[in-house]
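Chain by chain, the residues run as shown.
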Amino acid sequence: MRNLKSITPISTGHWLAANLPLVILVGLTLNGLAVTVAGAFKDADGPSLLLGLSPFQLATVLAAVALIARGAQHLPRSAWAETFAVILALVPSSAVSWGALALYAAYLAFRTRDVQRIGALLFTGLAATSLWSAVAMNWLATPITSFEALMVANLMSFIVPDVSWSGNVVGPTGGFKLILLPACASADLVPKAILALAALLALFGGALDRRFLKLAAITAVLLVLGNWLRLAGMAISAEHYALIHGPVGANLFDLYQTFLIVAAAYFLIDEVERPSHA
C-alpha cells in the first residue's frame, strides 16, 4: 500500500499547478473581501451571519468558481500575467486586489471560451462592481446620495405631511432626520444584484439575451423602489428606524431582494433547461 503522506504534497502541488489561474482568481477575491470581513468583527453587535458580505457577491463568486472549475486546467497560462497577479494579491489593499482581479480575469476571458469565459467575465464583473462600491461611490457620494434622498423625501410626502430635505439628509420637518450614506444607496445595491442574476442564469444554462436585459431592468426598478420605500420608512422616526434597520427589517428586506433575483433567474432559464414534470 502506498504511503499517503508521501503522495499528498505532490498531488496537492500538481493540483495547484494545474489550477493556478483559478487559485489566483479566488485569492484576489478573498483579499478584496478581507477588509469587509475584518470590519464586520468591529461592529458593536458582533459580526453578521455573512460577515458583512453581500449575498449577491457570494452568489457571483460561487457561480464563477463552479463554471471555471468545469475546465480550469484548460485556462490559458502566462507566467508574466500570473506573476503580476500574485504580486498584487500580496498588497494589503482591497482596491488593488479588485483592480488586479479585473485585469487578470479580463485577460483570461479574452484568451478562453465557453463556460470558462463566462466564469472569468463574472469575476471581472465582481471586481468592477466592488470597485464601484469602494471607489466610485465615494467620489460620487454627494450627487448620488442627494438625489436618492430627494426621491425618498417625495415618497415620504405621501405619509408625512411636512418633509424636510437637504443634501443627503431627509426626515419630517423639525423631527427625526435620516442621513443617507453611500452604502445605503440603491446605486450601490443594484449592480451587485444584477450581476448575481447574470451569474445564476449562466450557472443554470440560461442565455444572456434580450429577455435578460428586459427582466434585469424590471428587477432593478423593483429593487430601487423597495430600497427607497425602506429608507422612507426609516426616516419617519427613531422608532421606525430601529425597527426597519434592525434584524427584523433587515432580514425582511434581504428576503425581498433574494426573492426578486431568484424569481427573475427562474423565469429566464430556457424551458428546455427546466426539469420536466409528467
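Residues numbered from 1 in each chain as written. Predicted model: local features only at pLDDT ≥ 70, side-chain atom pairs only at ≥ 80, totals over all residues. Heavy atoms only, no water.

Caption draft 1: View of the packing of aromatic side chains. Evaluation of the coordinates by the stated rule reveals six aromatic pairs. Taking the centre distance of 6.4 Å and the plane angle of 25° together, the rings of Tyr104 and Tyr107 count as stacked. With Tyr104 and Tyr107 both in helix 5 (residues 94-111), this residue pair falls three residues apart, about one helical turn. Take Tyr104: its relative accessible area is 4%, and that puts it in the buried class. With a centroid separation of 6.3 Å and an interplanar angle of 70°, the aromatic rings of Phe147 and Trp228 are classed as edge-to-face. Taken together, the positions of Phe147 in helix 7 (residues 141-156) and Trp228 in helix 9 (residues 210-234) put the pair 81 residues apart, joining distant regions of the chain. On the accessibility criterion, Phe147 (46% relative accessible area) is partly exposed. Classification of Trp228 as buried rests on a relative accessible area of 12%. (Phe/Tyr/Trp six-rings, centres within 6.5 Å; stacked < 30°, edge-to-face > 60°. Helix = DSSP H or I, 4+ residues; strand = E, 2+ residues; numbered from the N terminus. Buried < 20%, exposed > 50% of the residue type's maximum accessible area, 1.4 Å probe, protein only.)

Caption draft 2: Broad picture of the pattern of salt bridges. What the rule picks out here adds up to two salt bridges. Notably, a salt bridge pairs Lys192 with Asp188, separated by 3.8 Å at the nearest N-O pair. Of this pair, Lys192 and Asp188 both sit in helix 8 (residues 186-203), separated by four residues, roughly a single helical turn. Taken as a pair, Lys192 and Asp188 share a single burial class, namely buried. Where Arg211 meets Asp209, a salt bridge forms, and the shortest distance between an N and an O atom there is 3.9 Å. Given the relative accessible area of 38%, Arg211 is considered partly exposed. Asp209 gets classed as partly exposed once you look at its relative accessible area, which sits at 29%. (Salt bridge = Lys/Arg side-chain N within 4 Å of Asp/Glu carboxyl O.)

Caption draft 3: Molecular detail of the pairing of strand 1 (residues 163-166). Of the pairings in the sheet, the one linking strand 1 to strand 2 (residues 169-172) comprises four bridges and is antiparallel in character. Bridging across to strand 2, Ser166 finds its partner in Val169. Counted along the chain from strand 1 to the antiparallel partner strand 2, the turn is two residues long, and its residue Gly167 has a positive phi close to 65°. (Pairing = 2+ DSSP bridges.)

Caption draft 4: Looking closely at a nonpolar patch on the surface. There is a patch of nonpolar side chains on the surface, built from Leu243, Val248, Leu252 and Leu255 and spanning about 430 Å² of accessible area. Note that Leu243 resides in helix 10 (residues 238-245). Leu243 gets classed as exposed once you look at its relative accessible area, which sits at 54%. (Patch = residues over 30% accessible without salt bridge, like charges linked within 9 Å, V, L, I, M, F, W, Y side chains within 5 Å. Areas by Shrake-Rupley, 256 points an atom, 1.4 Å probe, with all protein chains shown as cover.)

Caption draft 5: Examining the packing of helix 6 (residues 114-139) against helix 8 more closely. Taken N-terminus to C-terminus, the directions of helix 6 and helix 8 make an angle of 175°; their axes are 10 Å apart at the nearest point. In this view, helix 6 runs roughly antiparallel relative to helix 8, as classed from their interaxial angle. Taken together, the residues of helix 8 that come into contact with helix 6 (itself represented by Ile118, Leu122, Gly125, Leu126, Thr129, Trp132, Ser133 and Met137) are Ala187, Asp188, Pro191, Lys192, Leu195, Ala198, Ala199 and Ala202. In terms of residue class, the contact of helix 6 with helix 8 is made up of eleven nonpolar, three polar and two charged. (Axes fitted to C-alpha atoms, helices over the stretch in contact; angles between N-to-C directions. Parallel < 35°, antiparallel > 145°, perpendicular 65-115°, else oblique. Contact = heavy atoms within 4.5 Å. Nonpolar A, V, L, I, M, F, W, Y, C, P; charged D, E, K, R; others polar.)

Caption draft 6: Highlighting the environment of Glu82. Tracing the sequence through the fold places Glu82 in helix 4 (residues 79-89). Separated by 57 residues in sequence, Glu82 and Leu25 have C-alpha atoms that sit 10.0 Å apart. Those residues in contact with Glu82 that sit more than four places away from it in its chain are Leu20, Pro21, Ile24, Arg77 and Tyr104.

Caption draft 7: Region of interest: the sheet that holds strand 3 (residues 178-179). An order of 1-2-3 is seen for the three strands of this open sheet, with the pairing classed as antiparallel. Looking at strand neighbours, the two that pair on one side only are strand 1 and strand 3, the edges of this open sheet. Across the sheet, helix 7 lies against strand 1 and strand 2, angled at about 15° from strand 2, the strand it touches most.

Caption draft 8: View of the pairing of strand 2. Bridging between strand 2 and strand 3 involves two bridges; their strand directions are antiparallel. For Val170, the partnering residue across the bridge sits in strand 3 and is Leu178. Where strand 2 folds back onto strand 3 in an antiparallel hairpin, the turn is made up of five residues, including Gly174, whose phi is positive at roughly 75°.

Caption draft 9: Spatial organisation of the nonpolar core. If you look at the biggest cluster of nonpolar residues, it comprises 38 residues, and the most contacted ones within it are Val152, Met156, Val170, Leu197, Phe212 and Ile261. Those elements giving two or more residues to this core turn out to be helix 7, helix 8, helix 9 and helix 11 (247-268). Ignoring anything within four residues of it in the chain, the contact list for Leu197 reads Phe212, Ala216, Ile261, Ala264, Ala265 and Leu268. Grouped together as the second largest cluster of nonpolar side chains are 32 residues, Val61, Leu75, Ala85 and Leu108 included. (Core = buried A, V, L, I, M, F, W, Y, C linked by side-chain atoms within 4.5 Å.)

Caption draft 10: Fine view of the environment of Ala120. Mapped onto the elements, Ala120 comes out in helix 6. Separated by 53 residues in sequence, Ala120 and Leu67 place their C-alpha atoms 8.7 Å apart. With residues near it in sequence (within four places) discarded, Ala120 still touches Ile68, Ala105, Leu108 and Ala109.

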